[in-house]
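Structural features, examined
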Amino acid sequence: MFWRKRSAEDFSEEIKAHLELETDELKREGLGEDEARWKARRVFGSVRAAQERFYLKDRLVWLDNLLHDVQFALRQMGRSPGFAITAVSILALGIAANVIVFGVLQTIILQPIDVPQPDRVVTFSQRNHGYPAFSYPEVRDVRDGSTVFSAVGAESMSVFGLEVNGSTQPVWGEEVSGQYFEAVAIQPSLGRLLTRADDDHPGASQAAVLSWPAWKSRFGADPNVVGKTVRINKHSYTIVGVTQEGFNGTWKFLQPELFVPMANQASLDGVNWLENRLDKHVFPIARIKDGIAQPQVQAELNTIAARIARQNPREEDGLHFWLAPPGLAGDFIARPARRFLAGTMLLAGIVLLAACANLGGLFAARTADRTREIAIRLAVGSSRWRVVRQILIEAFLISMLGGACACGLSWLALTGLARWHPPTDYPIKFLVYPKPSLILMAFLVSVLAGVLFGLMPLRQIFNTDPIEAIKGGGNQSAAGRRWALRDVLLTVQIALCCVTVTAAFVSLRGLRNTLTMDLGINPKDAVLTKFDLSPAGYTAQAAEQLQRQLQETVSHIPGVEAAAYANTTPLADTVTTAVYSQQTTDFRPSKKAFEAYYYTVSPGYFAAAQTPLLEGRDIRTTDTATTPKVAVVSQEFARQLFHTEHAVGRSFKNSSGQSIQIIGIAAEGKYFLPSEEPDEAVFFPIQQRPSASVSLIVRTRPDVTGGSAAEMATTIRKTIHGLDPAIPIELSAPWTSALAFSFFPAQVATVALGLFGAFGLLLSITGTFGLASYTVSKRLRELSIRVALGARAKQVLSAALGRMLTLLTSGALAGMLLGVATSKVLSAIVYQASAQDPVVLAAVAGTILLTGAISVAGPVRRALRVNPAKLLRED
Amino acid sequence: MTTQENNDDRIALLQGTLDVLILKTLLMGPCHGQGVARLIQRQSEEVFLVDHGSLYLALQRLEDRKWISAKWGVSENNRKARFYSLTAKGREQLVAKTSEWRRLTRAMGLILDASKGPQNEEA
């Protein structure tokens, strides 16, 4: 018979058979039955030993021991499921926090954009760490004059009215130059991409390319989409191809749906900025030739910049090209994003450390409970190392389970985040889909965590004296002992949790500040409607007429208090313009006084927006294209140019050398970010600078029916479509929700920090509660003796928990000091608030006290209810 | 003198030699474990008292190397027993190991008998 490996039973059978045969032989030699049997056994030696040696012969002893330990650990965990579940959940949350933040960091910051050989693809910015916007002629000059690039392209994002099968939708897309797709070097998944021929001159081609996600969602992944005709801004275009899957443009968080030739810019946008050297609408994207290093590229760019400046002294004075990685607007967005994510990673790390400290304390307590078991093990011959290994395996088991749960949690969170669309009309999406490398990260973090808290009981085990332990029955706590590891861990944990709670309160305060700050406008009870007339085919004159007509019509709707329009509004799209002093004769860009935020507004704007006019007058209908040029300016503008706020009647010059008289001073406001310092802004009459794209501001009277902002938004939409149904309306909503995006970073920060803070609080409660109950239960005998001897409640409490309160307070103080010390880091995440704010400190202290009180409430009651007689009777 | 004590010593001594003894014993025909033990004892004139635990492990080792093959059978007095027999490979090994052993003992003998000094060199 053939068997691969002989079983242990078979071996035992053979031994049995041997003993029988030997017994028989001995009987034949003359011994009695029992004597023969006994002698046979004795002569054989230890049957057990032989069996064991047979069993061990082929096995990997270490693997065997490991499996055995794992089984034991699982049984232990099964015996106390509460502990196991708590431990795994705490760890899962801590690890998940780290993995999620790392996932976002990886996608947004660490990874380059998804194109072939991404290290060869670059963009430029005007200043080091500046915004990478240029004029098209500048990028063209680089393209024509450089030798280090294999392709130099340009892109400009815009919203288009896309008409498919009769219905028009606003769609975000890119106007791209001929070499754009060469620079990114992707392949089409269908048809072809735009080439140099498409961009040769305005009207050279009516080709359009779809992005892969747009092809899936808007065209239902139609395989016959190539050759289909659509209308873009009322012009006929043919779809010639679809980009490859996975290409999401050259921005990390904006997803364009459509690509059209930049040469057609004028017909698409209704206004021509293509050849204007002063209109910085274009983002460059270039691919460096193989084998050429960055310093060489930078040097050539500097030469080109100098040459352009020489050839165009008026417009290009002071031009610079700084190399920057594409995707996050050079360093403009990358810098704050990096700082935010780094700060969040730090907090996540702190939370994980606190969780480990918590678990370490729990583990140490459990080990102390098992001294008897450990002592017995040591007594029967186990090495201390074997015991330590057992504890470590338990720790690893918990950390691996925690890590596995964390993977699941992170996957859910990241997928949710990837699907979420921030409250803005920009096509922003964070494509942070989870990747397998995150599993590796979770695994590493789990191992680290396991080692950290698994090694806590180490000293305890090595110091266990078996004899003492068995005699003492497991009760090892003596009053007046030195600080145990458990105590240190609790303090560390409280301190760390304090930091997270501080961070949470700081962000709450910051958010409150942000929401109540003076924006210079009153978005409450107002409706913002944004629409663009050029896609609907309006000329400049027709547009102006329609806008005025609309203002008239809307003003007469019941419930409307005031209506006005402007090219854009504060805290929305920003445009700037160069401002020169009245005395200037040289209008090169470097001679300007400053750049001011630029608004063109209709009469009545300041009333509709409720921006106080401090001096002078509003724009009037009599300020037209033929009357002298005038403007209203912000306080900061006046301060910067004239060093006084009383500047009505004085003048300044624009970049074309025209003199503009100041007719009014507007109150301070926020124009780009809610967190900015007061900035310069100028308001021109819209009649003197018409715009096809406008924002209509309507102030409502909420007490009138139909006067709530949300209802009014719908009414206005209907009114506009009543005038012309073909006008694509980008947005019509209460102004407060339209502004939500500006507060979006503060809100995100608050949510994130709030979560961390809540988790930190939860950890401190469980940690404190755990240690308090443990301390009380261990010292019940001692406490009962004290009570029997006549101690009063207060004395009992101070004996039981006095030490713990010291730990709590010292931990909290340490934590608050740490929080203050790290306020610089926190300010990277949340502005407008610092950890040194006394309100914040008071709130943190209060919270810690409260949670401390809650945690020890249970054990305190137990300590006070101790029944000495009953307790002393038991052992 | 019983050689039951000092298991470690015995193993060290007999690991290689036990194999040879077993192979030789089985040369005479298939035998079960207890029989092999008795035979070795008898034939060595009671010098070798085999530790039965080690014997069975040695038998298992030889079986794993396919020098012997095993089969359950019935003994003379109708007891169940596992019978071992020599394979062809085992036979070869026996020859090889026997000559090796003879070389070893001859060398030992030469050295141990060379107490008369280096002059006494016999072929």
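Residues numbered from 1 in each chain as written. Chains lettered and ligands numbered in written order. Predicted model: local features only at pLDDT ≥ 70, side-chain atom pairs only at ≥ 80, totals over all residues. Heavy atoms only, no water.

Secondary structure summary: chain B contains 4 helices and 3 strands in total. Its helices and strands taken in sequence order, chain B reads α-β-α-α-β-β-α from the N to the C terminus. A burial count over chain B gives 37% of its 123 residues as buried. When contacts within chain B are restricted to residue pairs at least 6 apart in sequence, long-range pairs at least 24 apart make up 50% of them. Put simply, chain B shows about 7,800 Å² of open surface, and 56% of that area lies on carbon and sulfur atoms. (Helix = DSSP H or I, 4+ residues; strand = E, 2+ residues; numbered from the N terminus. Buried < 20%, exposed > 50% of the residue type's maximum accessible area, 1.4 Å probe, protein only. Contact = heavy atoms within 4.5 Å. Areas by Shrake-Rupley, 256 points an atom, 1.4 Å probe, with all protein chains shown as cover.)

This model, assessed by the stated rule, comprises 30 salt bridges over all chains. Here A:E182 ties to A:R196 by a salt bridge, and the two come within 2.8 Å at their closest N and O atoms. A residue pair is termed long-range when its members are at least 10 positions apart, and A:E182 in helix α7 (residues 180–184) and A:R196 in the loop between β4 (188–191) and β5 (207–210) qualify at 14 residues. Exposure remark for A:R196: the relative accessible area of 44% places this residue in the partly exposed category. Among the salt bridges present, the one from B:R65 reaches B:D19, with a minimum N-O distance of 3.8 Å. Residue B:R65 is located in the loop between α3 (52–64) and β2 (68–74), and its partner B:D19 is located in helix α1 (residues 7–27); the two are separated by 46 residues in the primary sequence. Owing to a relative accessible area of 34%, B:R65 belongs among the partly exposed residues under this scheme. According to the relative accessible area criterion, B:D19 is buried, its value standing at 5%. (Salt bridge = Lys/Arg side-chain N within 4 Å of Asp/Glu carboxyl O.)

Counting 53 residues, the largest nonpolar core has A:L91, A:I95, A:I109, A:F363, A:I398 and A:F453 as the members making the most contacts within it. Residue assignment for this core shows that the elements contributing at least two residues are α4 (61–79), α5 (81–110), β2 (149–164), α12 (331–369), α13 (371–379), α14 (384–419) and α15 (436–454) of chain A. Of the residues forming this core, the biggest block, 13 residues, is contributed by α5(A). Residues contacting A:L91, with those up to four places away along its chain left out, are A:L359, A:I398, A:S399, A:G402, A:A449 and A:F453. Among the nonpolar cores identified, the runner-up in size contains 31 residues, and B:L18, B:L23, B:Y56 and B:L62 belong to it. (Core = buried A, V, L, I, M, F, W, Y, C linked by side-chain atoms within 4.5 Å.)

All right, on to helix α22 (residues 709–723) of chain A then. Residues and elements named next belong to chain A. Over its 15 residues, α22 runs 21 Å from end to end, which matches the ideal 21 Å to within 8%, given 1.5 Å per residue. For α22, the set of buried residues is A709, M712, A713, I716, T719 and I720. Around the axis of α22, the buried residues are gathered within 125° of arc, so they sit on the same side. Facing away from the buried surface of α22 by more than 90 degrees, the exposed residues are K718 and G722. (Expected span 1.5 Å × (residues − 1). Arc of directions from axis to C-beta.)

Time to look at the interface of chain A and chain B. On the chain B side, the residues contacting the 23 residues of chain A number 24 residues. For the pair chain A and chain B, the summed buried surface comes to about 2,300 Å²; carbon and sulfur atoms form 50% of the total. Considering only the side of chain A, the residues that lose the most area to chain B are A:E14, A:L21 and A:R53, jointly responsible for 26% of the buried surface there. The shortest N-O distance in the salt bridge between B:R38 and A:E25 comes to 3.8 Å. There are 12 residue pairs in polar contact (both at pLDDT 80 or more) connecting chain A and chain B. Mapped onto the side of chain A that touches chain B, the elements with two or more residues apiece are α1 (8–28), α2 (33–44) and α3 (47–57) of chain A. Counting residues per element, the side of chain A that touches chain B draws most heavily on α1(A), which supplies 13 residues. (Buried area = accessible area lost by both parts, 1.4 Å probe. Polar contact = N/O pair within 3.5 Å; in protein donor to acceptor, adjacent residues only side chain to side chain.)

We now examine the packing of aromatic side chains. The full count for this structure, using the stated rule, is 22 aromatic pairs over all chains. With 4.2 Å between their ring centres and 5° between their planes, A:F11 and A:F54 make a pair best called stacked. Residue A:F11 is found in helix α1, and its partner A:F54 is found in helix α3; the two are separated by 43 residues along the sequence. Each member of the pair, A:F11 as well as A:F54, carries the same accessibility label: buried. For the pair A:F124 and A:F149, a centre-to-centre distance of 5.9 Å together with 45° between the ring planes defines the contact as tilted. With A:F124 in strand β1 (residues 121–125) and A:F149 in strand β2, the pair connects residues that are 25 residues apart, well separated along the chain. For the pair A:F124 and A:F149, one class covers both residues: buried. A connected cluster of aromatic rings, assembled from ring pairs, spans A:Y597, A:Y599, A:Y605, A:F606, A:Y671 and A:F683. Positioned above the aromatic ring of B:W72, the side-chain terminus of B:K80 is 4.7 Å from the ring centre. (Phe/Tyr/Trp six-rings, centres within 6.5 Å; stacked < 30°, edge-to-face > 60°. Lys NZ or Arg CZ within 6 Å of the ring centre and 35° of its normal.)

Here we come to the pairing of strand β19 (residues 681–685) of chain A. Residues and elements named next belong to chain A. β19 sits mainly inside the fold: 5 of its 5 residues count as buried. The side-chain alternation of β19 yields two buried faces, one formed by A681, F683 and P685 and the other by V682 and F684. Both strand β16 (residues 630–634) and β19 contribute to a ladder of 2 bridges, which runs antiparallel. When the bridges of β19 are listed, V633 appears paired with V682. (Pairing = 2+ DSSP bridges.)

Here we take up unusual backbone geometry. Residues and elements named next belong to chain A. Positive phi is not limited to glycine here, since A221 has a value of about 55°. With respect to the secondary-structure elements, A221 resides in the loop between α8 (212–218) and β6 (229–232). Owing to a relative accessible area of 25%, A221 belongs among the partly exposed residues under this scheme.

Turning next to α5(A). Taking 1.5 Å of rise per residue, 30 residues should cover 44 Å, and α5(A) covers 40 Å from first to last C-alpha, within 8% of that figure. Counting buried positions along α5(A) gives 22 out of 30 residues, so the element sits mostly inside the fold.

All names here are of chain A. Running from N to C, α1 and α3 point in directions that differ by 150°, and their axes come no closer than 10 Å. When the axis of α1 is compared with that of α3, the two are roughly antiparallel. Considering the relative orientation of α1 and α3, their crossing is right-handed. Between α1 and α3, the residues in contact are A8, F11, S12, I15 and L19 and V47, A50, Q51 and F54, respectively. When its residues are assigned to classes, the contact of α1 with α3 shows 7 nonpolar, 2 polar and no charged. (Axes fitted to C-alpha atoms, helices over the stretch in contact; angles between N-to-C directions. Parallel < 35°, antiparallel > 145°, perpendicular 65-115°, else oblique. Left-handed = near helix turned anticlockwise from the far one by under 90°. Nonpolar A, V, L, I, M, F, W, Y, C, P; charged D, E, K, R; others polar.)

Residues and elements named next belong to chain A. Together, L60, W62, L63, L66 and L67 make up an exposed nonpolar region whose accessible area comes to about 500 Å². Counting through the fold element by element, L60 comes out in the loop between α3 and α4. Classification of L60 as exposed rests on a relative accessible area of 51%. (Patch = residues over 30% accessible without salt bridge, like charges linked within 9 Å, V, L, I, M, F, W, Y side chains within 5 Å.)

What follows covers the confidence of the model for chain B. All names here are of chain B. The predicted model of chain B has a mean per-residue pLDDT of 80, with 80% of residues at 70 or higher. The spread of mean pLDDT over the elements of chain B runs between α1, the lowest at 71, and strand β3 (residues 80–86), the highest at 91. Note on residues 1–13: pLDDT is under 50 here. Beyond four places in sequence and across chains, it has 13 contacts. Across the assembled chains, the prediction reports ipTM 0.77 with pTM 0.69. (pLDDT = per-residue confidence, 0-100.)

Here we take up the environment of A:A266. Residue and element names in this part refer to chain A. Take A266: it is sitting in helix α9 (residues 265–269). C-alpha of A266 to C-alpha of P202: the two residues are 64 residues apart in sequence and 8.0 Å apart in space. The residues contacting A266, other than those within four sequence positions of it, are V271 and N272.

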